[in-house]
Amino acid sequence: MNVERLFRAHYAELFRYSNFMSGDPDVAHDIVQDAFMRLQERPPKHQENVRSWLFTVATNLVRDRTKLESRRRALLEERRGLDASGTDSDPLASLERAEIRDLVRKALGSLRPKERTALLMRSHGFAHREIADALGTTTASVGTLIARSLDKLSLAMPSLREHRE
Amino acid sequence: MNQPSHAASDADLVRLLDEEFEPERRTEVLLHIQECEACSTRLIALREIGERVQRALDLAAIDPKPSVGPGARPLPPVLDLDHPSSDANPAQPSRAWGRAAAILAAVAALGLALSPVRAFVADLMSVGDRAIRGAPAEPDLTRNSRVSFAAAGGELTIRVRSIQRAGSLFVRLTEAERASARIVSSQGSEELVVLPSALEIVSGEASTASYLVEVPRSLNRLVVELQSGIDTTLWLGAGPPPGTEYQFSLGPVLEGAIADER
Ligand SMILES: [Zn+2]
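The model shown is predicted, which means the values in this text are computed figures rather than measured ones. (Residues numbered from 1 in each chain as written. Chains lettered and ligands numbered in written order. Predicted model: local features only at pLDDT ≥ 70, side-chain atom pairs only at ≥ 80, totals over all residues. Heavy atoms only, no water.)

Peer 1: When you look at the packing of aromatic side chains in this model, what are you seeing that I'm missing?
Peer 2: Geometrically, a pair of aromatic rings is defined through the distance of the ring centres and the angle of the planes. Residue and element names in this part refer to chain A. Tallying each qualifying case throughout the model produces four aromatic pairs over all chains. With centroids separated by 4.9 Å and ring planes inclined at 50°, the aromatic side chains of Y17 and F55 adopt a geometry described as tilted. Placement of Y17 in helix α1 (residues 3–22) and of F55 in helix α3 (residues 50–64) is noted, with a sequence separation of 38 residues between them. Looking at Y17, the relative accessible area reads 0%, which means it is buried. (Phe/Tyr/Trp six-rings, centres within 6.5 Å; stacked < 30°, edge-to-face > 60°. Helix = DSSP H or I, 4+ residues; strand = E, 2+ residues; numbered from the N terminus. Buried < 20%, exposed > 50% of the residue type's maximum accessible area, 1.4 Å probe, protein only.)

Laid out in structure tokens, this is it:
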């Protein structure tokens, strides 16, 4: 198994997923590192879908850090508007982006962990079967989890209607 | 079997949008939705929220620090034809932006609730038939323009002449020798121009149109070019099976992926 190739292929998206899951970029970095470390040390027996395996490991690592949940909540407040990416050249765009991040982080925080996982894995293109495996649930309940999280997010992010339109 | 089946649950609707159903169940649910205003409205709502949420997630995403990890920078997502379904798949665009969503986008763009739903559902049905028969079917959308042409010399370039804001480009392989192209969702200012070995898509600057291009499986090279200078080359060569579909998300950037055909 070529871990470096896998790393190059999946690092960015796994980070993005873990960041949304944990609400904390530093935690996300740790989780992604741990996931790849685990891949190197204890690779999955069935290697046909390493991508799904990586996301599942990341999901579990986030879940294992439930203690961080409260810290995450605190960060939501703390980081309000402070973490606009330095790459935006237009300060107005940066501000808007920071607001969106804040909004998204809060909205995701309003979901139960299973809902958040289902929603984010779906947004990364995973099949319901893979999401169900990651959650240890049935394929049938994945659709319900996704619909429920979409409804919650819709309530939590009404102002996004105006963005980017 | 003429009676509409029982109501479709939220889970059914999500599975429909995500193309998760077996063909029989899919047809059953579609038949119900076609008859049921509540379910078709809900279907559109779920898809619309999903799209909105995806857009928000895209805007809110933070890029990782490039220096972290086992000594490698993360690569930008590229289409990796050598490993079409293996572990090396690049970041895949959300399934919420998949084929069904592109068609539904046409519905949303019209800003109407129910009459286009029937067209949408009809198109979903034809996608389902396609999956069942393993061969492409004619879409019956009313708003489409269509051009046919021969892809000369086994090569074809699809060139998007102006920067599109959004939209999808679907490239589907067929057994036919001729290629064809159509606009499946648009705001009206798009045009398809056939050139020797190339198809030009001339779109308005704020275009969010989606296109379907069907090309012969015998094609050995396909290039997708964007005005912004990004291009992707597909080497088809030994021929993936007919029905294989490549999806590109248009916009200032071009992202490609091989869509699952099931
Ligand atoms: Zn119904």
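Past the structure itself, the notes keep going.
Peer 1: Can you walk me through the coordination of the zinc ion in this structure?
Peer 2: Residue and element names in this part refer to chain B. Summarising the metal site, the zinc ion is bound by the protein donors H32 (NE2), C36 (SG) and C39 (SG), whose distances to it range over 2.0 to 2.3 Å. Between the donor residues of the zinc ion, the gaps in sequence give the motif H-x3-C-x2-C. By relative accessible area, which is 7% here, H32 ends up buried. (Donors = N, O, S within 2.8 Å, 3.2 Å for Na, K, Ca; no water.)

Peer 1: Hey, could you run me through the nonpolar core in this one?
Peer 2: Soluble globular proteins tend to bury their nonpolar side chains together. Residues F36(A), V104(A) and L108(A) are the most contacted members of the largest nonpolar core, which totals 66 residues. When near neighbours in sequence (up to four residues on either side) are disregarded, V104(A) contacts F20(A), M157(A), A56(B), L57(B) and A60(B). Within the second largest apolar cluster, 25 residues are counted, among which are I201(B), A209(B), F248(B) and L250(B). (Core = buried A, V, L, I, M, F, W, Y, C linked by side-chain atoms within 4.5 Å. Contact = heavy atoms within 4.5 Å.)

Peer 1: When you look at the environment of A198(B) in this model, what are you seeing that I'm missing?
Peer 2: All names here are of chain B. Structurally, A198 can be placed in strand β6 (residues 198–202). Remark: the alpha-carbon pair of A198 and T157, spanning 41 residues in sequence, is separated by 4.5 Å. Excluding residues within four positions of it along the chain, A198 makes contact with L156, T157, R159 and V193.

Peer 1: Would you mind showing me how to read the pattern of salt bridges here?
Peer 2: Should their charged atoms come close, side chains of opposite charge can pair. Considering all chains together, one arrives at twelve salt bridges over all chains under this definition. Linking R16(A) and D58(B) is a salt bridge whose minimum nitrogen-to-oxygen distance equals 2.6 Å. Taken together, the residues R16(A) in helix α1 and D58(B) in helix α3 (residues 37–60) connect one chain to another. For the salt bridge of D151(A) with R42(B), the shortest nitrogen-to-oxygen distance reads 2.8 Å. You can see D151(A) sitting in helix α8 (residues 139–156) and its partner R42(B) sitting in helix α3, one on each of two chains. Overall, D151(A) belongs to the partly exposed group, its relative accessible area being 28%. Residue R42(B) is classed as partly exposed on the basis of its relative accessible area of 21%. (Salt bridge = Lys/Arg side-chain N within 4 Å of Asp/Glu carboxyl O.)

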